[in-house]
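Residue-level structural notes
So the chains spell out like this:
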Amino acid sequence: MGGNSPCASCKLLRRRCAKDCIFAPYFPSDDPHKFAIVHKVFGASNVSKMLQELPIHQRADAVSSLVYEANARVRDPVYGCVGAISYLQNQVSQLQMQLAVAQAEILCIQMQNEPVVMMPTPQMDDLDDAKSSSSFVFQNNHPQYLNFASSSNVIHDSLKRESIFGDIIS
């Protein structure tokens, strides 16, 4: 910092570190890699201009963001941070789908374990007494799920039909 020990940027650029060096507070001499990667991706001149345009209280956050983006650009030169964000969003979507399937399977198992009470109800058409028989109503309020051995087929079918934008997918 200012005079005695040059900051990482001044060391890398091989120049004398002035007392008012804009890089000194954010790129200390004990972490030269931090500035080296930012310099490689953005250039010292561009970083200096960005920092000068910001209020002092925002500069530390800006440097942190620049270092993160520079590291991401080195790993993925085309997409940078956006590639990492996209990867994580896809991972979250897959995990949400797996969670929905697991929850549906739990619900299916719970419904299969519930006792089913069937009560006879009279037929609407009593004209033909020989053919009339009693119909049954399920009393557990979940009749449509009782015939499924596994709910995973149901969930996968419904997920295939609907995308996040409401479009129908086959």
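Just so it is clear, the model here is predicted, and its values are computed rather than measured.

Digging into unusual backbone geometry
You will see that Arg 14, though not glycine, has its phi angle at about 55 degrees, which is positive. Within the fold, Arg 14 resides in the loop between helix H1 (8–13) and helix H2 (32–42). Arg 14 gets classed as exposed once you look at its relative accessible area, which sits at 78%.

Notes on a nonpolar patch on the surface
A cluster of nonpolar side chains, Val 78, Tyr 79 and Val 82, forms an exposed patch at the surface whose accessible area comes to about 330 Å². Tracing the chain through its elements places Val 78 in the loop between helix H4 (56–75) and helix H5 (81–113).

So, the packing of H2 against H4
Following both chains from N to C, one finds H2 and H4 inclined at 70 degrees, their axes separated by 9 Å at the closest point. One finds that H2 runs roughly perpendicular with respect to H4. Regarding H2 and H4, the two cross each other, and that crossing is left-handed. Contacts between H2 and H4 involve His 33, Lys 34, Ile 37, Val 38, Val 41 and Phe 42 from the former and Val 63, Leu 66, Val 67, Glu 69, Ala 70, Asn 71, Arg 73 and Val 74 from the latter. Considering only residue class, the contact of H2 with H4 consists of nine nonpolar, two polar and three charged.

Section: the pattern of salt bridges
On inspection of all chains with the given rule, the structure shows one salt bridge. Here Glu 69 makes a salt bridge to Arg 73, at a shortest N to O gap of 2.8 Å. In this pair, Glu 69 and Arg 73 are both assigned in helix H4, four residues apart and thus about one turn of the helix distant. You can call Arg 73 partly exposed: its relative accessible area is 29%.

Considerations on the side chain of Ser 9
In this structure, Ser 9 sits in helix H1. For Ser 9, a relative accessible area of 0% puts it in the buried group. Setting aside residues no more than four positions away along its own chain, Ser 9 makes contact with Cys 21, Phe 23, Phe 27 and Phe 35.

Regarding the packing of helix H3 (residues 44–53) against H4
The geometry of H3 relative to H4 is characterised by a closest axis approach of 9 Å and an angle of 150 degrees between their N-to-C directions. One way to sum up the angle between H3 and H4 is to call them roughly antiparallel. For the element pair H3 and H4, the recorded crossing hand is right-handed. Between H3 and H4, the residues in contact are Val 47, Met 50, Leu 51 and Gln 52 and Arg 59, Ala 62, Val 63 and Leu 66, respectively. For the contact of H3 with H4, a count of residues per class yields six nonpolar, one polar and one charged.

Here we look at H2
Every buried residue belonging to H2 is among Phe 35, Ile 37 and Val 38, and all of these are buried. The arc that holds the buried residues of H2, viewed along the axis, is 165 degrees, so those residues lie on one side. Exposed and facing more than 90 degrees away from the buried side of H2 are His 33 and Lys 40. In this structure, the buried side of H2 is in contact with H1, H3 and H4. Immediately beyond the C-terminal end of H2, within one or two residues, lies Gly 43, with a positive phi of roughly 90 degrees.

Procedures and definitions
All residue numbers refer to position in the chain's written sequence, counted from 1. Totals for whole chains, interfaces and linings use every residue, but because this is a predicted model, local features are given only for residues with pLDDT of at least 70 and side-chain atom pairs only at 80 or more, for both listing and counting. Only heavy atoms go into the side-chain values, all of them from the structure, while hydrogens and water stay out. Going along the chain from the N terminus, every DSSP run of H or I of four or more residues is numbered as a helix, and every run of E of two or more is numbered as a strand. Throughout, exposure labels follow a simple rule: accessible area from a 1.4 Å probe, protein chains only, divided by the maximum for the residue type, with under 20% read as buried, over 50% as exposed, and the rest as partly exposed. Here the term patch refers to residues with relative accessible area over 30% and no salt bridge, with like charges joined within 9 Å and nonpolar side chains (Val, Leu, Ile, Met, Phe, Trp, Tyr) within 5 Å. For accessible areas, the Shrake-Rupley method is used with a probe of radius 1.4 Å. Any residue's cover is judged against the shown protein chains and nothing else. Each salt bridge in this description consists of a side-chain nitrogen of Lys or Arg and a carboxyl oxygen of Asp or Glu lying within 4 Å of one another. Angles here are taken between N-to-C directions and fall from 0 to 180 degrees, while the axes themselves are lines fitted to C-alpha atoms, restricted in helices to the stretch in contact. Note on angle classes: values under 35 degrees are labelled roughly parallel, values over 145 roughly antiparallel, values of 65 to 115 roughly perpendicular, and the remainder oblique. Two helices cross in a left-handed way if the nearer one is turned anticlockwise from the farther one by less than a right angle. They cross in a right-handed way if the turn is clockwise. For this analysis, residues touch if any pair of their heavy atoms sits within 4.5 Å. In this classification, Asp, Glu, Lys and Arg are treated as charged, Ala, Val, Leu, Ile, Met, Phe, Trp, Tyr, Cys and Pro as nonpolar, and every other residue, Gly included, as polar. Along the arc lie the directions from the helix axis toward the C-beta atoms.

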